[in-house]
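Commentary on secondary and tertiary structure
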Amino acid sequence: QTQQLVFFLQCGIAGGIEICITFPTEYVKTQLQLDEKANPPKYRGIGDCVKQTVQSHGIKGLYRGLSSLLYGSIPKSAVRFGVFEFLSNHAKDESGRLDSTKSLLCGLGAGVMEAVLVVCPMETVKVKFIHDQTSANPKYKGFFHGVREIVRAQGLRGTYQGLTATVLKQGSNQAIRFFVMTSLKNWYKGDNPNKAINPLVTGLFGAIAGAASVFGNTPLDVIKTRMQGLEAHKYKSTLDCAMKILRYEGLAAFYKGTVPRLGRVCLDVAIVFIIYEEVVKVLNMVWKTE
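Everything quoted here is computed from the prediction, not taken from an experiment.

As a further point, take the packing of helix H3 (residues 66-91) against helix H4 (residues 100-134). Where H3 meets H4, the closest approach of the two axes is 8 Å, and the angle between their N-to-C directions is 160°. Comparing the axis directions of H3 and H4 gives the class roughly antiparallel. For the pair H3 and H4, the crossing hand works out as right-handed. Residue composition of the contact of H3 with H4, by class: 15 nonpolar, 6 polar and 6 charged.

Let's shift gears to the UniProt feature "repeat: Solcar" (unreviewed entry) in the protein chain. When the UniProt feature table is mapped onto this chain, "repeat: Solcar" (unreviewed entry) is found at residues 2-90, 101-187 and 197-282. Overall, residues 101-187 shows 82% helix and 0% strand. The separation of its end C-alpha atoms is 14 Å. Helix makes up 78% of residues 197-282 and strand makes up 0%, while its end C-alpha atoms are separated by 14 Å.

Attention now goes to the environment of Thr25. Considering the arrangement of structural elements, one finds Thr25 in helix H1 (residues 2-34). With 181 residues separating them in the primary sequence, Thr25 and Gly206 have C-alpha atoms 19 Å apart. In this structure Thr25 touches Pro260 and Arg264, once residues within four positions along its chain are discounted. Here Thr22 takes part through its backbone oxygen, which lies 2.6 Å from a polar atom of the side chain of Thr25.

Moving on to the side chain of His145. Checked against the element boundaries, His145 lands in helix H5 (residues 143-154). Under the relative-accessibility criterion, His145 is labelled buried at 18%.

Calculation criteria
Residues numbered from 1 in each chain as written. Predicted model: local features only at pLDDT ≥ 70, side-chain atom pairs only at ≥ 80, totals over all residues. Heavy atoms only, no water. Axes fitted to C-alpha atoms, helices over the stretch in contact; angles between N-to-C directions. Helix = DSSP H or I, 4+ residues; strand = E, 2+ residues; numbered from the N terminus. Parallel < 35°, antiparallel > 145°, perpendicular 65-115°, else oblique. Left-handed = near helix turned anticlockwise from the far one by under 90°. Nonpolar A, V, L, I, M, F, W, Y, C, P; charged D, E, K, R; others polar. UniProt positions renumbered as here; feature names shortened; annotations may be inferred. Contact = heavy atoms within 4.5 Å. Polar contact = N/O pair within 3.5 Å; in protein donor to acceptor, adjacent residues only side chain to side chain. Buried < 20%, exposed > 50% of the residue type's maximum accessible area, 1.4 Å probe, protein only.

Structure follows, in structure tokens:
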């Protein structure tokens, strides 16, 4: 139990450090996704978004909404890897090998659980904070004040906006990542399931898995962001949001923010998988020796 707690803490802390380093890319991605073509677009691209934000709010403007991701990083890692470990332990064959298809289903289960329990409220608060900064009179003074205002105005439902889109996004995220990661690990190990994998190779595989998830589900990420923004009331449902984006902005709008998201996700998935693999190795050794 103690070892598992340490593992979740390490994953969460690693995620937290990674978020602090890469959050400006997350900020830019969210602003580009919120920027509608239907209204005149506010930003001409990544550089313009950074320039306008720094001019109006200073460097700290690029870190708006960071706190919600930081507070959520440990519970998110705990749910994601806890559920994945639980499901994959039941899905492995007699030799202890997990095939790619089963890892996809285990990843899907982990993604859905983390979306419902942690990610949806965390992302809703982040998107509202980032969106609020661009409004004429920003009303959120800090994390706790912002959450209090959201709950006061919309009830607890206000922190659970875009749940369908978040479940679809996180479910597909983890399904793709764990599927790609398991496929690459099985390919690398070949006929020797006990072959050690260098942490750098694990990091590379993690980055590839992260990139695959970005190209695979950025349209869902765009829909999720819109459903959680301050203009979310314009959309009757997740499907209605998708149809309106398609009708008024075209297919390209579904890939807004791909470049900044790619940078952040590849680093995030690489770091977290390195820690995950290394800690699992240690835990297996400890349990076997005990």
